[in-house]
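Architecture at a glance
For reference, the chains in residue letters:
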Amino acid sequence: MQQPIRTCALVGKFQDPRVAECARALVPELLARKLSVLVPQDATAGNAPAGVSITPLPQLIERTDLMIAIGGDGTLLYAAGLVAGHEIPLLGINRGRLGFLTDVLPQDMVASLASVLAGDCKSDRRMLLRARLYAADGSEVSGFALNDVVFNRLETGRMLDFETRIDGRYVNSHAGDGLVVATATG
């Protein structure tokens, strides 16, 4: 059973007028339901609507019961990376061009939010990729991806050597300009 939603986090480029319009309409709905509303402390936080709490990202993730991404698929992919591994549901409001992933239209966002808060929605769990890149100097970069992971050089003209493992099991060694690994979502 899902825990009750008491705190929502909004992510989006609030300086975009279409995103700001949705956020200004959504925040009063959330506050009227006695929910706390957080936005990440980042470059767009100064443009966030009134009534929200600007919160450093680690505390925001720790306190959030529902993440709402307002924007395009890129915003939803960013938000998915934030909630990956935290069991935080994610709702995408489409203010982008395509909306393959952010499928709630602005005119439906209040009704969709009401359904989510009432527990009337079915969760759509997606597979994530966790990628780790080990550099020759021993450093490591790690992250989750909902769509795909792309490894390539910034400068062209030199090949890369890859060793691919899935769940720790060796798959293959590759040499090439780059490597793309995609999920079913991607």
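See above for the structure.
Let me begin by describing the structure that accompanies this report. These numbers come from a predicted model, not from an experiment. (Residues numbered from 1 in each chain as written. Predicted model: local features only at pLDDT ≥ 70, side-chain atom pairs only at ≥ 80, totals over all residues. Heavy atoms only, no water.)

1. Considering the pattern of salt bridges
- Per the stated rule, a full pass over the model turns up three salt bridges.
- The salt bridge partner of Arg 18 is Asp 16, with a shortest N-O separation of 3.8 Å.
- Taking the relative accessible area as the measure of exposure, Asp 16 reaches 23% and is therefore partly exposed.
- Note that Glu 163 and Arg 165 form a salt bridge whose closest N and O atoms lie 2.9 Å from each other.
- The partly exposed category is assigned to Arg 165, whose relative accessible area is 47%. (Salt bridge = Lys/Arg side-chain N within 4 Å of Asp/Glu carboxyl O. Buried < 20%, exposed > 50% of the residue type's maximum accessible area, 1.4 Å probe, protein only.)

2. Considering the layout of surface pockets
- If you add up the space inside the largest pocket, you get close to 1300 Å³.
- Around the largest pocket, the lining is made up of 34 residues, and of these Ile 88, Pro 89, Leu 90, Ser 123 and Asp 124 lie nearest the centre.
- Listed by contribution, the elements that provide at least two residues to the lining of the largest pocket are α2 (57–63), α3 (73–83), β5 (90–94) and α4 (109–118).
- For the second largest pocket, the calculated volume is near 1000 Å³.
- As for the second largest pocket, its lining consists of 27 residues, of which Ala 131, Arg 132, Phe 151, Glu 163 and Arg 165 are closest to the centre.
- For the lining of the second largest pocket, the secondary-structure elements that each account for two or more residues are β6 (129–134), β8 (148–152), β9 (160–166) and β11 (178–182).
- Looking at the lining of the second largest pocket, the element that brings in the most residues is β9, giving seven residues.
- By residue class, the composition of the lining of the second largest pocket is 15 nonpolar, four polar and eight charged. (1 Å grid on protein atoms, 1.4 Å probe; cavity = no way out; pocket = protein on both sides within 12 Å on 5 of 7 lines; lining within 4 Å. Points joined across faces, edges and corners; volume = space filled by probe spheres on them. Helix = DSSP H or I, 4+ residues; strand = E, 2+ residues; numbered from the N terminus. Nonpolar A, V, L, I, M, F, W, Y, C, P; charged D, E, K, R; others polar.)

3. Concerning α3
- For α3, the full list of buried residues reads Asp 73, Thr 75, Leu 76, Ala 79, Ala 80, Leu 82 and Val 83. End-on view of α3: buried residues confined to an arc of 170°, all on one side of the axis.
- On its buried face, α3 sits against β1 (7–11), α2, β4 (66–71) and β5.
- Looking one or two residues beyond α3, the residue adopting positive phi is Gly 85, at roughly 80°. (Arc of directions from axis to C-beta. Contact = heavy atoms within 4.5 Å.)

4. What about helix α1 (residues 17–32)?
- In a regular helix each residue adds 1.5 Å, so 16 residues correspond to 22 Å; α1 covers 23 Å between its end C-alpha atoms and thus fits that length.
- Burial in α1 covers these residues: Val 19, Ala 20, Cys 22, Ala 23, Leu 26, Val 27 and Leu 30.
- Residues of α1 that are buried in the fold lie against β1, β2 (36–40), β4, β5 and α4.
- Two to three positions downstream of the cap, the backbone nitrogen of Arg 18 sits 2.8 Å from a side-chain oxygen, assigning the N-cap of α1 to Asp 16.
- Lys 34 occupies a position one or two residues after α1 and carries a positive phi of about 65°. (Expected span 1.5 Å × (residues − 1). Polar contact = N/O pair within 3.5 Å; in protein donor to acceptor, adjacent residues only side chain to side chain.)

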